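The primary structure of each chain is shown beneath.
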Amino acid sequence: RDLPVPVSRSVGRAHAARLIAAGPQAIANTIYANKLGNGGIASGDGYRYRGRGFMMITGRANYAALAKTTGLPLVDQPELLGDPHHAAIAAASFW
């Protein structure tokens, strides 16, 4: 179920308890909704583009920018940054 507001704007333990009960995907999708180039909660972008790699790249916009720099298909395959080889390529692109 989509929650109407991000955690940062909501108050109450009940809301936090619902998110915790729903699991990591619900937490990430709520926290990162409409931030860093991500879509809303229902898009699933918050969890899809969660922090990965040695540089902990987070957010669709950052994955897209890094994809341009490295030539890796990170928007379509964000899980690539979980692989040490690809994470090293991504980190090296910063220097």
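Source: prediction; values computed, not measured.

Visitor: What exactly am I supposed to notice about the nonpolar core here?
Guide: Formed by Tyr49, Ile57, Tyr63, Leu66, Ala67, Leu72, Leu74, Leu80, Leu81 and Ala90, the largest nonpolar core amounts to 10 residues. Sorting elements by how many residues they give to this core places helix H4 (residues 60-70) first, with three residues. Apart from residues no more than four positions distant in its own chain, Leu66 is found in contact with Ile57, Gly71, Leu74, Leu81, Ala90, Ser93 and Phe94.

Visitor: How do you make sense of the packing of aromatic side chains when you look at a structure like this?
Guide: The geometry of an aromatic ring pair is captured by the separation of the ring centres together with the interplanar angle, meaning the angle of the planes. Scanning the model with the defined rule gives one aromatic pair in all. In this structure, Arg50 is placed above the aromatic ring of Tyr47, and the distance from its NZ or CZ to the ring centre is 3.9 Å.

Visitor: Any chance you could explain the pattern of salt bridges here in plain terms?
Guide: Note that side chains of opposite charge can pair when their charged atoms are close. Across all of its chains, the model carries two salt bridges by this definition. Between Arg60 and Asp45 there is a salt bridge; the shortest N-O distance is 3.9 Å. A residue pair is termed long-range when its members are at least 10 positions apart, and Arg60 in helix H4 and Asp45 in helix H3 (residues 45-48) qualify at 15 residues. Its relative accessible area of 32% is what places Arg60 among the partly exposed residues. Take Asp45: its relative accessible area is 6%, and that puts it in the buried class. Each of the salt bridges in this network shares a partner with another, and the network as a whole consists of Asp45, Arg48 and Arg60.

Visitor: I would appreciate a short explanation of the confidence of the model for the chain in the present structure.
Guide: Caution applies to low-pLDDT regions: their predicted coordinates should not be interpreted in detail. Put simply, the chain has an average pLDDT of 91, and 88% of its residues get 70 or more. Per-element mean pLDDT across the chain ranges from 90 in helix H1 (residues 13-22) up to 98 in H3.

Visitor: Is there a simple way to explain a nonpolar patch on the surface in this structure?
Guide: Taken together, Phe54, Met55, Phe94 and Trp95 make up a surface patch of nonpolar side chains, about 540 Å² in accessible area. Along the polypeptide, Trp95 turns up in the segment after helix H5 (84-92).

Visitor: What should I look at first to understand H4 in this one?
Guide: Three or four residues apart is the spacing at which side chains of an α-helix point the same way, because the helix has 3.6 residues per turn. Taken as a whole, H4 has its buried residues at Tyr63, Leu66 and Ala67. Down the axis of H4, the buried set is contained in an arc of 110 degrees. They therefore lie on one face. Turned more than 90 degrees off the buried face of H4, the exposed positions are Lys68 and Thr69. Packing partners of the buried residues in H4 comprise H5.

Visitor: Before we go on, may I ask you to explain the environment of Gly40 in this structure?
Guide: Here Gly40 shows up in the loop between helix H2 (24-31) and H3. On a C-alpha basis, the gap between Gly40 and Thr30 in space is 8.1 Å, while along the polypeptide they are 10 residues apart. In contact with Gly40, other than residues within four places in its own chain, are Ala33 and Asn34.

Visitor: So what exactly am I meant to see when it comes to the packing of H1 against H2 here?
Guide: In a pair of packed helices, the angle between the axes and the distance between the axes together describe the arrangement. In contact at an axis separation of 5 Å, H1 and H2 are set at 125 degrees when each is read in the N-to-C sense. The orientation of H1 relative to H2 falls into the category oblique. For the pair H1 and H2, the contacting residues are Leu19, Ile20 and Ala22 in the first and Ala26, Ile27 and Thr30 in the second. For the contact of H1 with H2, the residue count by class is five nonpolar, one polar and no charged.

About the cut-offs
Residues numbered from 1 in each chain as written. Predicted model: local features only at pLDDT ≥ 70, side-chain atom pairs only at ≥ 80, totals over all residues. Heavy atoms only, no water. Core = buried A, V, L, I, M, F, W, Y, C linked by side-chain atoms within 4.5 Å. Buried < 20%, exposed > 50% of the residue type's maximum accessible area, 1.4 Å probe, protein only. Helix = DSSP H or I, 4+ residues; strand = E, 2+ residues; numbered from the N terminus. Contact = heavy atoms within 4.5 Å. Phe/Tyr/Trp six-rings, centres within 6.5 Å; stacked < 30°, edge-to-face > 60°. Lys NZ or Arg CZ within 6 Å of the ring centre and 35° of its normal. Salt bridge = Lys/Arg side-chain N within 4 Å of Asp/Glu carboxyl O. pLDDT = per-residue confidence, 0-100. Patch = residues over 30% accessible without salt bridge, like charges linked within 9 Å, V, L, I, M, F, W, Y side chains within 5 Å. Areas by Shrake-Rupley, 256 points an atom, 1.4 Å probe, with all protein chains shown as cover. Arc of directions from axis to C-beta. Axes fitted to C-alpha atoms, helices over the stretch in contact; angles between N-to-C directions. Parallel < 35°, antiparallel > 145°, perpendicular 65-115°, else oblique. Nonpolar A, V, L, I, M, F, W, Y, C, P; charged D, E, K, R; others polar.

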